[in-house]
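A structural walkthrough
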There are 2 protein chains.
Amino acid sequence: MRIGDLSRRSQVSVPTIKYYLREGLLSPGEATAANQAVYSDAHLQRLRLIRALIDVGRLTVAAAREVLAAVDTPGLPPHHLLGVAHHAVSRPVRPDPDDPAWRAARDEVAALIRRRDWHVSDESPALDQAAEAIRTLRALGQDDVLDECLEVYAEAADLVAAREVRAVVSRQDPARMVEGVVTGTVLGEALLDALRLLAQESESGRLLG
Amino acid sequence: MRIGDLSRRSQVSVPTIKYYLREGLLSPGEATAANQAVYSDAHLQRLRLIRALIDVGRLTVAAAREVLAAVDTPGLPPHHLLGVAHHAVSRPVRPDPDDPAWRAARDEVAALIRRRDWHVSDESPALDQAAEAIRTLRALGQDDVLDECLEVYAEAADLVAAREVRAVVSRQDPARMVEGVVTGTVLGEALLDALRLLAQESESGRLLG
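Residues numbered from 1 in each chain as written. Chains lettered and ligands numbered in written order. Predicted model: local features only at pLDDT ≥ 70, side-chain atom pairs only at ≥ 80, totals over all residues. Heavy atoms only, no water.

**What to know about the relation of the copies chain A and chain B**
- For the match of chain A to chain B, the screw axis carries a shift of 0.0 Å, the RMSD comes to 0.0 Å, and the turn is 180 degrees. These values place the two chain copies in the arrangement generated by a two-fold rotation axis. When each C-alpha of chain A is compared by its distance to the rotation axis, A156(A) comes out closest, at 2.4 Å.
- Taken together, the interface assignments show that 100% of the residues at the interface of chain A recur at the interface of chain B, consistent with an identical surface on both copies. (Least-squares fit on C-alpha atoms with pLDDT ≥ 70 in both. Contact = heavy atoms within 4.5 Å.)

**Details of the pattern of salt bridges**
- Inspection of the entire model under this criterion finds 38 salt bridges over all chains.
- Note that R116(A) and E151(A) form a salt bridge whose closest N and O atoms lie 3.9 Å from each other. Taken as a pair, R116(A) in helix α6 (residues 100–116) and E151(A) in helix α8 (residues 143–169) lie far apart in primary sequence, 35 residues in all.
- With a relative accessible area of 23%, R116(A) lands in the partly exposed category.
- On the basis of relative accessible area, E151(A) is assigned to the partly exposed category, the value being 34%.
- Among the salt bridges present, the one from R176(A) reaches D144(B), with a minimum N-O distance of 3.9 Å. Of this pair, R176(A) sits in helix α9 (residues 174–208) while D144(B) sits in helix α8 (residues 143–169), which puts the two residues in different chains.
- For R176(A), a relative accessible area of 27% translates into the label partly exposed.
- In this structure, a network of salt bridges that share partners links the residues E108(A), R138(A), D143(A) and D147(A). (Salt bridge = Lys/Arg side-chain N within 4 Å of Asp/Glu carboxyl O. Helix = DSSP H or I, 4+ residues; strand = E, 2+ residues; numbered from the N terminus. Buried < 20%, exposed > 50% of the residue type's maximum accessible area, 1.4 Å probe, protein only.)

**Considering the pairing of strand β1 (residues 30–33) of chain B**
Residue and element names in this part refer to chain B.
- Pairing analysis gives 3 bridges linking β1 to strand β2 (residues 36–38), with the strands arranged antiparallel. Its bridge partner lying in β2, A33 is registered against Q36.
- Counted between consecutive antiparallel strands, the loop separating β1 from β2 contains 2 residues. (Pairing = 2+ DSSP bridges.)

**Things to note about the side chain of T183(B)**
- Turning to its location among the elements, T183(B) is positioned in helix α9 (residues 174–208).
- When sequence neighbours within four positions are dropped, the list of residues in contact with T183(B) reads L137(A), L140(A), Q142(A), L49(B) and G188(B).

**A short note on the confidence of the model for chain A**
All names here are of chain A.
- Residue-level pLDDT values for chain A average 91, and 100% of them are 70 or greater.
- The secondary structure element of chain A with the lowest average pLDDT is helix α5 (residues 78–89), at 85, and the one with the highest is α6, at 97.
- Note on the complex model: pTM 0.88, ipTM 0.89. (pLDDT = per-residue confidence, 0-100.)

**Quick look at empty space enclosed by the protein**
- Tallied over the entire structure, the rule returns 4 cavities of 30 Å³ or more.
- Taken as a whole, the largest cavity holds about 150 Å³ of empty space.
- For the largest cavity, the lining is made up of 15 residues, of which L82(A), E164(A), V165(A), V168(A) and V181(A) are closest to its centre.
- Put simply, the parts of the chain that give the lining of the largest cavity at least two residues each are α5, α8 and α9 of chain A together with α8 and α9 of chain B.
- Considering only residue class, the lining of the largest cavity consists of 9 nonpolar, 5 polar and 1 charged.
- Roughly 130 Å³ of internal volume is contained in the second largest cavity.
- Forming the boundary of the second largest cavity are 15 residues, of which L82(B), E164(B), V165(B), V168(B) and V181(B) lie nearest the centre.
- Mapped onto the lining of the second largest cavity, the elements with two or more residues apiece are α9 of chain A together with α5 (78–89), α8 and α9 of chain B.
- Residues of the lining of the second largest cavity, tallied by class, amount to 8 nonpolar, 6 polar and 1 charged. (1 Å grid on protein atoms, 1.4 Å probe; cavity = no way out; pocket = protein on both sides within 12 Å on 5 of 7 lines; lining within 4 Å. Points joined across faces, edges and corners; volume = space filled by probe spheres on them. Nonpolar A, V, L, I, M, F, W, Y, C, P; charged D, E, K, R; others polar.)

Dropping the structure here:
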């Protein structure tokens, strides 16, 4: 298909498609003339994945490129790819390692990980994201809610992660596994967050409405 | 305290504080001379809340202003405030109502809500966020993972929401309740998302590492 058809079928504008081509997120089409190229269904599928990462997953173009480069690396073990996907979705944190409140929050995360018997790398960006959320809740005087909810957050995390990882691993094809890791990490978060808001609204209406 | 002390104690730069003052997120200090004002601990606390919403919660300045205006409205019922907080954290979606895939995803969310016996407004932005995540996962051919995980996401959402809402409601002071709704919605999401990534990493390492 021509770039116009690719645009129509993907609902992504031609200038945006050209931008992704320039930025290397999308591979070039097959040249048919000096200024013309044709695109395949694989381009359409890739374009949908790019939009999913950026629109639904709220990844920056740079983060999406990083994830797609990993997807395109043949033989990259899915567990390694998970690290790349996690790096891309994690909220950036600039901790102050000398801040006692920060160190206390980081210790609290470490203790939680021991209690749950989770095995994670010391380099996981999610460690900092969790510590920063805890540090901030305590700095804002929200200790009661945090202490009441921390364990149940971890329990919910365990519940969904076990099912998600099993679903992806049960795919036999490595390419499909890789795709599942990326989309599951990014879109699963958007879905879980949305359902939590709906459940909160329902529960809040029941107790207060 | 002077603006310099407020900056030092909050670790927010003076130009950023002035920006929040201009934008109305932070109320003016008490004027002591033509070009000087003093700020109180309430300003410091408010500044921490602003940074929490923007840095950890990833809210835009406009969304943070919307939430803070609701926090500042005396007598606003907490259940109503929850709607404002939800609006601010929801990921914007521009659905195409004529797209059959979008309508199917929206029906899937409606069916899930009936199964869980959740009572939510038809206007909840989280309905669109959930439908968009489902539509995208299906468009990307991730039906197997979605079908395997949708119910467990809802179960996890119920689990955390019940505890979160109860913790906030058990506060007697309305102002503290309001603060709990806002911080719990925004920071709880960051914390839950981070713990899910850690649990995924641990489970993935166990099965694949």
